[in-house]
Amino acid sequence: MSFSSDVRKELTDITGDARHCMIAEIGAFLLMAGKIEYEREFFNIRIHTENEAIARKYFTMIKKTFNINTEVILMTHKNKSRQTYLLQTLNTEDAKKILLATTILKYEGDLPVLRQHMDYMLVQSMCCKRAYLRGSFLGGGSVSDPEKGYHFEFVTLYFENAEYLQNTMNHLEMDAKIVTRKGSYVVYLKEGSQIVDLLNVIGAHIALMQLENIRIVKEVRNNVNRLVNCETANLKKTVSAAVRQVQDIEYLRDTIGLAALPENLEQIARFRLEYSSATLKELGELLMPPVGKSGVNHRLKKLSEIADQIREQRGGKIK
């Protein structure tokens, strides 16, 4: 199964919420996955899902919350490769009861108005925010495999619902964004830490631990790679400097001879030729008396300066 499927499975097992939380979750799910029909004072609600556990959960929640038996129809597609569960509430009074409770249906005088969002009063408490975001995920949410990247999104047909989702998430100190995609509105998160927070809010704690473990491994791997790259860069720099030093010393040897150098410079020059791959610290320990890294570096720079002066005097190119 995909990581999204694991999250859905975990969320469908969450039961026992208070009635006000179940209303918030049912309303969110309807706005994401439901189709509400209204004609001549008659209302009906249809929900399509390919997930049996989701169909079973919302059948049970509607029964517990409203004492309404939702009709469930199993639809098999022509190629028989997949099945879809259709949950429908065809009785007008039952449908109105659900829609009024979730505030998706409001009356302005005697005129019924179907809305694309719920009242904010329904998700004022933290428990209802959890339920609302959980229902939104089960109705139209997905999360990418954290091994490949971090991306959490809700897809809704309604801009008002997208804004409602964004505001709810941002109220929880997340940084949700909205983009359009193929006629739908996508509310998404890209930060791994914020996705962890959202999984915690909706109650997907097992999935949260899986994602955290993957994040830790990836972070350690990235840190190791950075250290290796840094060490490699430093090694290349050291090797490159040693090669230049050897070239300068060989030039001095072949022109004026190393014996013409001051004793301290002659000594370090001979050791650099003999131990071309040694570090500055190692070269310093070979000298008598021993010299620190800065002292060794100073002497090698002096040798390079002398080599450049002789090249210039003889009409050669200075590196």
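Residues numbered from 1 in each chain as written. Predicted model: local features only at pLDDT ≥ 70, side-chain atom pairs only at ≥ 80, totals over all residues. Heavy atoms only, no water.

K.L.:
Would you explain the pairing of strand β9 (residues 177-181) in this entry?
P.N.:
If a strand is regular, its side chains alternate between the two faces of the sheet. Bridge count between β9 and strand β10 (residues 184-189): 5 bridges; the pairing is antiparallel. Bridging across to β10, Arg 181 finds its partner in Ser 184. Hairpin geometry of β9 and β10 is characterised by an intervening segment of 2 residues between the two adjacent antiparallel strands and by a positive phi of about 50 degrees at Lys 182. (Pairing = 2+ DSSP bridges. Helix = DSSP H or I, 4+ residues; strand = E, 2+ residues; numbered from the N terminus.)

K.L.:
Just checking my understanding: could you explain unusual backbone geometry for this structure?
P.N.:
Backbone phi values are negative for most residues with the exception of glycine, while trans is the configuration of most peptide bonds. In this model, Met 288 is joined to Pro 289 through a cis peptide bond whose omega is -5 degrees. A positive phi angle is found at Asn 67, which is not glycine, with a value near 55 degrees. Mapped onto the elements of the fold, Asn 67 is located in the loop between α3 (52-66) and β3 (71-76). The residue Thr 103 is not glycine, and still its phi comes out positive at about 65 degrees.

K.L.:
Help me understand the pattern of salt bridges, please; the structure alone is not making it clear to me.
P.N.:
Where charged atoms from two side chains of opposite charge approach closely, those side chains can pair. Counting across every chain of the model gives 14 salt bridges. Here Arg 134 makes a salt bridge to Glu 25, at a shortest N to O gap of 3.3 Å. Of this pair, Arg 134 sits in helix α5 (residues 126-140) while Glu 25 sits in helix α2 (residues 19-33), and the two are 109 residues apart along the sequence. Overall, Arg 134 belongs to the buried group, its relative accessible area being 4%. Assessed through its relative accessible area of 1%, Glu 25 is described here as buried. Put simply, Arg 215 and Glu 212 hold a salt bridge, and the shortest N to O gap is 2.9 Å. Of this pair, Arg 215 and Glu 212 both sit in helix α8 (residues 205-255), 3 residues apart, which is roughly one turn of the helix. Relative accessible area serves as the criterion here: at 24%, Arg 215 is assigned to the partly exposed category. (Salt bridge = Lys/Arg side-chain N within 4 Å of Asp/Glu carboxyl O. Buried < 20%, exposed > 50% of the residue type's maximum accessible area, 1.4 Å probe, protein only.)

K.L.:
What's the story with the packing of aromatic side chains in this structure? I'm lost.
P.N.:
For any pair of aromatic rings, the description consists of the separation of the ring centres together with the inter-plane angle of the planes. Counted according to the given criterion, the structure contains 8 aromatic pairs. On the numbers, 3.9 Å between centres and 10 degrees between planes, the contact of Phe 29 with Tyr 58 is stacked. Here Phe 29 is found in helix α2, whereas its partner Tyr 58 is found in helix α3, with 29 residues between them in sequence. Of the residues examined, Tyr 58 reaches a relative accessible area of 1% and is grouped as buried. Grouping aromatic residues by their ring pairs yields a cluster made of Tyr 120, Tyr 132 and Tyr 164. The ring of Tyr 251 carries the charged tip of Arg 311 above its face, separated from the ring centre by 4.5 Å. (Phe/Tyr/Trp six-rings, centres within 6.5 Å; stacked < 30°, edge-to-face > 60°. Lys NZ or Arg CZ within 6 Å of the ring centre and 35° of its normal.)

K.L.:
Explanation requested: α8 in the structure shown.
P.N.:
Because the α-helix completes a turn every 3.6 residues, residues three or four places apart line up on one side. For α8, with 51 residues, the first-to-last C-alpha span of 75 Å sits near the 75 Å given by 1.5 Å per residue. Looking only at α8, the buried set comprises Ala 207, Leu 208, Leu 211, Ile 214, Lys 218, Ala 242, Gln 245, Val 246, Asp 248, Ile 249 and Leu 252. Buried residues in α8 make contact with α1 (3-12), α7 (192-202), α9 (263-274) and α11 (293-313). Among the residues trailing α8, Gly 257 stands out with phi positive, at a value near 85 degrees. (Expected span 1.5 Å × (residues − 1). Contact = heavy atoms within 4.5 Å.)

K.L.:
I'm lost on the layout of surface pockets in this one. Help?
P.N.:
Regions of empty space are outlined by a rolling probe, equal in size to a water molecule, passed over the atoms. What the largest pocket holds in volume is close to 390 Å³. Around the largest pocket, the lining is made up of 17 residues, and of these Thr 238, Ala 241, Gln 245, Leu 280 and Asn 297 lie nearest the centre. Elements with a contribution of two residues or more to the lining of the largest pocket: α8, α10 (280-286) and α11. By residue number, the principal contributor to the lining of the largest pocket is α8, which donates 7 residues. (1 Å grid on protein atoms, 1.4 Å probe; cavity = no way out; pocket = protein on both sides within 12 Å on 5 of 7 lines; lining within 4 Å. Points joined across faces, edges and corners; volume = space filled by probe spheres on them.)

K.L.:
How should I be thinking about the sheet that holds strand β2 (residues 42-49) in this particular structure?
P.N.:
By way of backbone hydrogen bonds, the strands of a sheet pair with one another, either parallel or antiparallel. Strand order in the open sheet made by the 4 strands is β1-β2-β4-β3, with antiparallel pairing throughout. The open sheet is flanked by β1 (34-39) and β3, the only strands paired with a single partner. Taking each pair of neighbouring strands and ignoring which way they run, the sheet shows an average axis angle of 20 degrees. Of the pairings in the sheet, the one linking β2 to strand β4 (residues 83-89) comprises 5 bridges and is antiparallel in character. The partner of Ile 47 across the bridge, within β4, is Leu 87. Contacts between α2 and the sheet are confined to β1 and β2, with β2 contributing the most and set at about 80 degrees to the helix. Sheet strands in contact with helix α4 (residues 92-101) are β1, β2 and β4, and its direction is about 70 degrees off that of β2. (Axes fitted to C-alpha atoms, helices over the stretch in contact; angles between N-to-C directions.)

K.L.:
How do you make sense of the nonpolar core when you look at a structure like this?
P.N.:
Generally speaking, nonpolar side chains in soluble globular proteins are found buried as a group. Among the nonpolar cores identified, the biggest contains 62 residues, and Val 7, Leu 133, Phe 152, Phe 154 and Leu 199 are the most heavily contacted of them. Counting residues per element, this core draws most heavily on α2, at 11 residues. What Phe 152 contacts, discounting residues up to four positions off in sequence, is Phe 137, Ser 142, Val 143, Val 187, Tyr 188, Leu 189, Ile 195, Leu 198, Leu 199 and Ile 202. Ranked by size, the runner-up nonpolar core spans 18 residues in total, among them Ile 249, Leu 265, Ala 307 and Ile 310. (Core = buried A, V, L, I, M, F, W, Y, C linked by side-chain atoms within 4.5 Å.)

K.L.:
I would appreciate a short explanation of the side chain of Thr 89 in the present structure.
P.N.:
Of note, Thr 89 is situated in strand β4. Thr 89 sits in the buried class, given a relative accessible area of 5%.

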